[in-house]
Amino acid sequence: MLPITFTHILDFIGTFAFAISGIRMASSKNFDWFGAYVVGFVTAIGGGTLRDILLNVSPFWMQNPSYVFITAFALLFVILFRKQIVKLEYTIFTFDTIGLALFTVVGIERTLASGFHFWLAIIMGMMTGAVGGIIRDILINEVPLIFRKEIYAMACVAGGIVYFICYKFNCNIILTEVLSAIAVIATRVLAVKFHITLPVLHSEEE
Amino acid sequence: MLPITFTHILDFIGTFAFAISGIRMASSKNFDWFGAYVVGFVTAIGGGTLRDILLNVSPFWMQNPSYVFITAFALLFVILFRKQIVKLEYTIFTFDTIGLALFTVVGIERTLASGFHFWLAIIMGMMTGAVGGIIRDILINEVPLIFRKEIYAMACVAGGIVYFICYKFNCNIILTEVLSAIAVIATRVLAVKFHITLPVLHSEEE
Amino acid sequence: MLPITFTHILDFIGTFAFAISGIRMASSKNFDWFGAYVVGFVTAIGGGTLRDILLNVSPFWMQNPSYVFITAFALLFVILFRKQIVKLEYTIFTFDTIGLALFTVVGIERTLASGFHFWLAIIMGMMTGAVGGIIRDILINEVPLIFRKEIYAMACVAGGIVYFICYKFNCNIILTEVLSAIAVIATRVLAVKFHITLPVLHSEEE
């Protein structure tokens, strides 16, 4: 048994928040418990799984059943506290943002560890954070939210760029990770607070 | 040339039934023959393909053109017997359930053969049986049926659990496979007969 | 630095046209710039990526940032020339068809180079050309266009068959590639010109 580190705790928090987001979306479509579980699980592990398939390494969750259990716990949580969950909006947003930051950093580091260039690491960091939500929206048959609302993936890109700068300046690894994560969190929080969005691409008729 | 075994025959029956299910769904959306073929093929091979990608082994259908031919035969069948096919509902259900049982057992065994834990084998058995239908529904732009109706994936889980129990008791491999397949078939048939469904996850406003 | 060959130029043209097609579709759904970029990128690289995952080789775009830049250039192009782009319909169609032909030939050759049979190479050639558009349509939440309209994937199959015939007759490789590409282009152009479509599979009620 490996000891549970601070990173593990952040990973559990992020996985839980991502799964909750999937399960809540599924509930809005009246999925059954199985459907909600699958959507929650895929939201939590989808980004990292696509990353690992592209990097040709074994998907991270296949060696460790904890993601299966965390998703089950998230489903139980939504079933039990369905009515109260709206009051927890702020907490869930916080957890989700922590998850986004961690997943971005993990995505960058896994890509570099596989010997790829930094431009790909930034893309993979973003993919790790954002693809789960895209698959979630495909499964519930909606246009992916991320393509129309909110600075979300861009926060991952900001984190990737900060990571790159620290890396070029030979910063300490822990400092690099923390600054990169802060960049993700700050970008997202500021974007939500000040309603900053990307420009929309208008259709040709408009 | 390998001799055709009983397992091959079950595999052909299952593939045919899964392809029929995809092609019929495509016809309800007025896809052209090519579109119907692709949906049928992906319904038949999608689950096993995702499993093999995750296990990092070469997808099973890429060494053997029989799946391509069986799907073509299924398309021809639907084109020729479009009006009569509703009368075959019971036969198609039987074939489909045989396919589900076989695909579950194959999924479990391929995962164990790749050296993974049993919890993953149960997930992979379910994935082999159920993911083809999910991709089918995404391709025809509908919410996956499996998330809202019928005990389907749960039948695969039941088969996986029976396999696990037999495995723990060191049962003979053939007996293990047969009991596991029976568990899948019995769960599905009983669920359909007695209209057993999973609880629905209601949305937060309800 | 590798020298830029004629094939590279065709590849850039095809990638650009495929990305444009994705970005325009995204604009019709009012995606933001990020969403449009992702849809454009995935349209351009999706087919080849699925092919490479199935062949278990490293996805082609991960070693070379040019696809990332070409997609960015395509986005810029659509943003700047949104109103004028309809007048370029013919040029874009030409570029797109060149891309389809090249991607088909590349898909066939990559598959043969991985040691697979020719029937799979034809499928993979088609997949390289057509899957990007399917993923594009899933991302914008529409039924894939290719399943209902136009001879598109069939043009890739025609190219594959011509490649196979040349291969059997031991034609020179350059001649084989050119004839195969011409088959793709001719099939598509003739199908569009004479409104040739595949038969539709009518639903069971009709």
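Residues numbered from 1 in each chain as written. Chains lettered and ligands numbered in written order. Predicted model: local features only at pLDDT ≥ 70, side-chain atom pairs only at ≥ 80, totals over all residues. Heavy atoms only, no water.

A few words on the overall build of chain A. When helices and strands are tallied, chain A shows 7 helices and 0 strands. In chain A, the succession of α and β elements from N to C terminus is α-α-α-α-α-α-α. Taken over the C-alpha trace, chain A has a radius of gyration of 17 Å; the compact-globule value for 206 residues is 17 Å, and the two agree within 12%. Overall, the C-alpha framework of chain A stretches about 60 × 50 × 30 Å when taken along its three principal axes. The 206 residues of chain A split such that 55% are buried. In chain A, the share of contacts with a sequence separation of at least 24, taken over all contacts with a separation of at least 6, comes to 72%. Only carbon and sulfur atoms are counted for the fraction: they give 71% of the accessible area of chain A, which is about 9,300 Å². (Helix = DSSP H or I, 4+ residues; strand = E, 2+ residues; numbered from the N terminus. Rg over C-alpha atoms; globule rule 2.2 N^0.38 Å. Buried < 20%, exposed > 50% of the residue type's maximum accessible area, 1.4 Å probe, protein only. Contact = heavy atoms within 4.5 Å. Areas by Shrake-Rupley, 256 points an atom, 1.4 Å probe, with all protein chains shown as cover.)

All right, on to the pattern of salt bridges then. Per the counting criterion, the structure on display carries 18 salt bridges over all chains. In this structure, D137 of chain B engages R136 of chain B in a salt bridge whose closest nitrogen and oxygen atoms are separated by 2.8 Å. Take D137 of chain B and R136 of chain B: they sit in the same class, and that class is buried. A salt bridge links R51 of chain C to D52 of chain C, with the shortest nitrogen-to-oxygen separation between them at 2.9 Å. With a relative accessible area of 0%, D52 of chain C lands in the buried category. (Salt bridge = Lys/Arg side-chain N within 4 Å of Asp/Glu carboxyl O.)

The interface of chain B with chain A comprises 31 residues on the first partner and 36 residues on the second. Counting each side, the surface lost to burial between chain B and chain A is near 2,900 Å², with a carbon and sulfur contribution of 67%. The tally of links from chain B across to chain A stands at 0 salt bridges. The tally of links between chain B and chain A comes to 6 residue pairs in polar contact (both at pLDDT 80 or more). Of all elements in the fold, only α2 (33-55), α5 (118-139) and α6 (153-168) of chain B reach the threshold of two or more residues within the side of chain B that touches chain A. Top element by residues in the side of chain B that touches chain A is α5 of chain B. It accounts for 8 residues. For the side of chain B that touches chain A, the residue count by class is 22 nonpolar, 4 polar and 5 charged. (Buried area = accessible area lost by both parts, 1.4 Å probe. Polar contact = N/O pair within 3.5 Å; in protein donor to acceptor, adjacent residues only side chain to side chain. Nonpolar A, V, L, I, M, F, W, Y, C, P; charged D, E, K, R; others polar.)

Attention now goes to the environment of I23 of chain C. Among the structural elements, I23 of chain C can be located in helix α1 (residues 6-28). Expressed as a C-alpha distance, the spacing of I23 of chain C and L80 of chain C, which sit 57 residues apart in the sequence, is 13 Å.

One non-glycine residue, N170 of chain A, lies in positive phi territory at about 55°. Positionally, N170 of chain A belongs in the loop between α6 (153-168) and α7 (173-193). Here N170 of chain A falls in the exposed class, since its relative accessible area comes to 69%. The phi dihedral of N141 of chain C falls on the positive side, at around 60°, and the residue is not glycine. With respect to the helices and strands, the residue N141 of chain C is situated in the loop between α5 (118-139) and α6 (153-168).

On to the nonpolar core. In terms of nonpolar packing, the biggest core is built from 192 residues, with W61 and F147 of chain A, W61 and F147 of chain B together with W61 and F147 of chain C touching the most fellow members. Apart from residues lying up to four places away in sequence, F147 of chain A is in contact with I134 of chain A together with F31, D32, F34, G35, V38, V39 and L139 of chain C. (Core = buried A, V, L, I, M, F, W, Y, C linked by side-chain atoms within 4.5 Å.)

Let us now look at the state of the cysteines. Taken as a whole, this structure holds 0 disulfides over all chains when the rule is applied. Among the cysteines around C156 of chain A, which has no disulfide bond, C166 of chain A carries the closest sulfur, lying 16 Å off. Classification of C156 of chain A as buried rests on a relative accessible area of 0%. With no disulfide of its own, C171 of chain C has C166 of chain C as its nearest cysteine by sulfur position, at a separation of 4.2 Å. Take C171 of chain C: its relative accessible area is 29%, and that puts it in the partly exposed class. (Disulfide = S-S within 2.5 Å.)

Both copies of the chain are tied together by a single rotation about an axis and a shift running along it. Least-squares fitting of chain C to chain A yields an RMSD of 0.0 Å, with the superposition described by an axial translation of 0.0 Å and a rotation of 120°. The relationship between the two copies is best expressed as a three-fold rotation axis. Comparing contact sets, just 11% of the residues at the interface of chain C also lie at the interface in chain A, consistent with a heterologous contact between different surfaces. (Least-squares fit on C-alpha atoms with pLDDT ≥ 70 in both.)

A contiguous nonpolar patch, built from I173, I174, L175, V178, L179 and I182 of chain A and spanning about 510 Å² of accessible area, is present on the exposed surface. The exposure class of I173 of chain A is partly exposed, given its relative accessible area of 46%. (Patch = residues over 30% accessible without salt bridge, like charges linked within 9 Å, V, L, I, M, F, W, Y side chains within 5 Å.)

Right, let's talk about the interface of chain C and chain A for a bit. Counting residues at the interface gives 36 residues for chain C and 31 residues for chain A. Its largest share of buried area at the contact with chain A, chain C owes to F34, M62 and R82 of chain C, together 24% of the area lost on that side. Our count for the chain C to chain A interface comes out at 0 salt bridges. There are 6 residue pairs in polar contact (both at pLDDT 80 or more) connecting chain C and chain A. Elements with a contribution of two residues or more to the side of chain C that touches chain A: α1, α2 (33-55), α3 (66-80) and α5 of chain C. A total of 8 residues in the side of chain C that touches chain A trace back to one element, the largest contributor, which is α2 of chain C. When the residues that make up the side of chain C that touches chain A are grouped by side-chain class, the tally is 21 nonpolar, 10 polar and 5 charged.

The operation relating chain B to chain A is a screw motion whose rotation component is 120°, with 0.0 Å of axial translation and a residual RMSD of 0.0 Å. The share of interface residues of chain B whose copies in chain A are also at the interface is only 13%, consistent with the copies meeting through different surfaces.

So, about α6 of chain B. Think of an α-helix as 3.6 residues a turn; residues three or four steps apart then line up on the same face. Helix length check: α6 of chain B (16 residues) gives 23 Å between terminal C-alpha atoms against 22 Å at 1.5 Å per residue, within 8%. On its buried face, α6 of chain B sits against α2 (33-55) of chain A together with α4 (89-113), α5 and α7 (173-193) of chain B. Phi for N170 of chain B, located one or two positions after α6 of chain B, is positive at around 55°. (Expected span 1.5 Å × (residues − 1).)

Attention now goes to the packing of helix α1 (residues 6-28) of chain B against helix α3 (residues 66-80) of chain B. Residue and element names in this part refer to chain B. Here α1 crosses α3 at 50°, and the two axes come no closer than 9 Å. On the basis of the axis angle, α1 is oblique to α3. Note on packing geometry: the crossing formed by α1 with α3 is right-handed. Within the contact between the two elements, α1 uses D11, F12, T15, F16, A19, I20 and I23 and α3 uses S66, Y67, I70, T71, F73, A74, L75, F77 and V78. Residues belonging to the contact of α1 with α3 are distributed by class as follows: 12 nonpolar, 3 polar and 1 charged. (Axes fitted to C-alpha atoms, helices over the stretch in contact; angles between N-to-C directions. Parallel < 35°, antiparallel > 145°, perpendicular 65-115°, else oblique. Left-handed = near helix turned anticlockwise from the far one by under 90°.)

Interpretation in functional terms is not warranted from these geometric data alone.
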